[in-house]
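The primary structure of each chain is shown beneath.
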Amino acid sequence: MTGHFKYEELVQSEEDNSSDISNLHPCVVSTKWWRIPFLSFIVGGALLAGATGFMIGKHVQQHSLDMDWFSPPDDVRITYDYQRQFADRPNNSTQDPWTEIMAPANGFIQHPSISAELHGVSVFHQLHCLNAIRRAYWAAIDGIPISHVSRPAHVRHCIDYLRQSLMCHADTNLEPVIKDLGGVTGFGSEHKCRDFEKVKEWVGAWAPVISDDRQ
């Protein structure tokens, strides 16, 4: 919990007023030596308070890292490779990989402290949208009726939602230019990534329980 701290103005005492000191009796002025241990006590107390605050800050920061599953400390490095099954024409075999990467309950969670009400975790909404665009693309290529998730309004929503998601995360991993292509493919280069499997595992642990009458 963040405390309400503020700096207080140091009020000058009458004893620190040079004009007043000059008017004091010499024997009173000569007793200024007591200020030395007093100032030492103040400085020592400030240093002790600073050290204590530093240690508390480190503890809070470490505790935050331990609790922050959104940015796991064990990020992973992954080399992208082309996995065509995620882009191919929809059928049973190409749908299975999409099903496997989705979290239970399609990425919806209920958590006692951060999500008492039902919430969806963004990455799984984004994957859902990307799969909807894939299905709409192949429906247009094959000239077949579109499904509910591939209707134009939903696809338009997904395109702009993914645009904003990409800009939000602003991936700054570097991808080498392939000379023969004069550009990049994104594949074959290493990326520093959030540990997706850990996120998926956490989301699965907090998936809402669906009662029998809702199945």
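Residues numbered from 1 in each chain as written. Predicted model: local features only at pLDDT ≥ 70, side-chain atom pairs only at ≥ 80, totals over all residues. Heavy atoms only, no water.

Draft legend 1. Structural detail: the pattern of salt bridges. Applying the stated criterion across every chain yields a total of 4 salt bridges. Ionic pairing is found between Glu190 and Arg77, a salt bridge with its closest N-O pair at 3.9 Å. Taken together, the positions of Glu190 in strand β4 (residues 190-193) and Arg77 in strand β1 (residues 76-79) put the pair 113 residues apart, joining distant regions of the chain. On the basis of relative accessible area, Arg77 is assigned to the exposed category, the value being 56%. A salt bridge links Asp88 to Arg84, with the nearest nitrogen and oxygen atoms 2.9 Å apart. (Salt bridge = Lys/Arg side-chain N within 4 Å of Asp/Glu carboxyl O. Helix = DSSP H or I, 4+ residues; strand = E, 2+ residues; numbered from the N terminus. Buried < 20%, exposed > 50% of the residue type's maximum accessible area, 1.4 Å probe, protein only.)

Draft legend 2. Structural detail: the pairing of strand β3 (residues 115-120). Two elements, strand β2 (residues 108-111) and β3, share 3 bridges in a ladder whose sense is antiparallel. Looking across to β3, one finds that His111 is bridged to Ser115. Hairpin connection, β2 to β3: the antiparallel pair is bridged by 3 residues. (Pairing = 2+ DSSP bridges.)

Draft legend 3. Up close: the packing of helix α4 (residues 92-101) against helix α5 (residues 122-142). Where α4 contacts α5, the two axes come as close as 10 Å, and the packing angle between them is 170 degrees. What the angle tells us is that α4 and α5 run roughly antiparallel. Along this stretch, α4 crosses α5, giving a crossing that reads as left-handed. Along the contact surface, α4 presents Thr94, Gln95, Trp98 and Ile101, while α5 presents Phe124, Leu127, Leu130, Asn131, Arg134 and Arg135. Residue classes in the contact of α4 with α5 are distributed as 5 nonpolar, 3 polar and 2 charged. (Axes fitted to C-alpha atoms, helices over the stretch in contact; angles between N-to-C directions. Parallel < 35°, antiparallel > 145°, perpendicular 65-115°, else oblique. Left-handed = near helix turned anticlockwise from the far one by under 90°. Contact = heavy atoms within 4.5 Å. Nonpolar A, V, L, I, M, F, W, Y, C, P; charged D, E, K, R; others polar.)

Draft legend 4. Quick look at the packing of aromatic side chains. Summed over all chains, the structure comprises 5 aromatic pairs. On the basis of an interplanar angle of 50 degrees and a centroid distance of 5.7 Å, the ring pair of Phe124 and Phe196 is categorised as tilted. One end of the pair, Phe124, is in helix α5; the other, Phe196, is in helix α7 (residues 196-205), and 72 residues separate them in sequence. Accessibility expressed as a relative area gives 26% for Phe196, which makes it partly exposed. On the basis of an interplanar angle of 80 degrees and a centroid distance of 5.2 Å, the ring pair of Tyr137 and Trp138 is categorised as edge-to-face. The class for Tyr137 is partly exposed, based on a relative accessible area of 47%. For Trp138, a relative accessible area of 14% gives the class buried. (Phe/Tyr/Trp six-rings, centres within 6.5 Å; stacked < 30°, edge-to-face > 60°.)

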